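Residue-level structural notes
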Amino acid sequence: MAIYRKINTTFWSDPFICDLSPEKKLFYLYILTNERTKQCGIYDISKRQICFDLGIDLNTVTENINF
């Protein structure tokens with residue numbers, strides 16, 4: 001059975017999202033929608049995998065996680 005995540009069309013106009021940099025917007029959307037996300041919010045994913053999926057470096061991934 002496939003798992004789908006619905007993203008509200010107001011996502012991009014949300015004040016929190018509007019204030020983020022493009023890189024942080026991508027990271028936030030990735031966290032909401034990647035294949036390893038669970039409904040309870042638990043992730044089994046490495047920083048290395050995030051780097052690969054998003055094409056960003058380890059320092060940026062760490063910075064975004066700590067944001």
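These figures come from a predicted structure and were not determined experimentally.

What counts and what doesn't
- Residues numbered from 1 in each chain as written.
- Predicted model: local features only at pLDDT ≥ 70, side-chain atom pairs only at ≥ 80, totals over all residues.
- Heavy atoms only, no water.
- Helix = DSSP H or I, 4+ residues; strand = E, 2+ residues; numbered from the N terminus.
- Buried < 20%, exposed > 50% of the residue type's maximum accessible area, 1.4 Å probe, protein only.
- Contact = heavy atoms within 4.5 Å.
- Areas by Shrake-Rupley, 256 points an atom, 1.4 Å probe, with all protein chains shown as cover.
- Patch = residues over 30% accessible without salt bridge, like charges linked within 9 Å, V, L, I, M, F, W, Y side chains within 5 Å.
- Salt bridge = Lys/Arg side-chain N within 4 Å of Asp/Glu carboxyl O.
- Phe/Tyr/Trp six-rings, centres within 6.5 Å; stacked < 30°, edge-to-face > 60°.

Considering the overall build of the protein chain
A count of helices and strands for the protein chain gives four helices and zero strands. Element order for the protein chain, N to C, with α for helix and β for strand: α-α-α-α. Within the protein chain, buried positions represent 22% of all 67 residues. For the protein chain, the share of sequence-separated contacts (at least 6 apart) that also reach a separation of at least 24 residues comes to 35%. As displayed, the protein chain has an accessible area near 5400 Å², and 55% of this comes from carbon and sulfur atoms.

Observations concerning a nonpolar patch on the surface
Taken together, the side chains of Ile7, Phe16, Tyr28, Leu32 and Phe67 define a hydrophobic patch exposed on the protein surface, amounting to about 460 Å² of accessible area. Secondary-structure assignment places Phe16 in helix α1 (residues 15-18).

Thoughts on the packing of aromatic side chains
Scanning all chains against the criterion turns up four aromatic pairs. Where Phe16 meets Phe67, the ring centres are 6.5 Å apart and the plane angle is 35 degrees; that geometry is what we call tilted. Of this pair, Phe16 sits in helix α1 while Phe67 sits in the segment after α4 (58-66); the two residues are 51 residues apart in sequence, bridging distant segments of the chain. Members of the aromatic cluster, joined through ring pairs, are Phe11, Trp12, Phe16, Tyr28 and Phe67.

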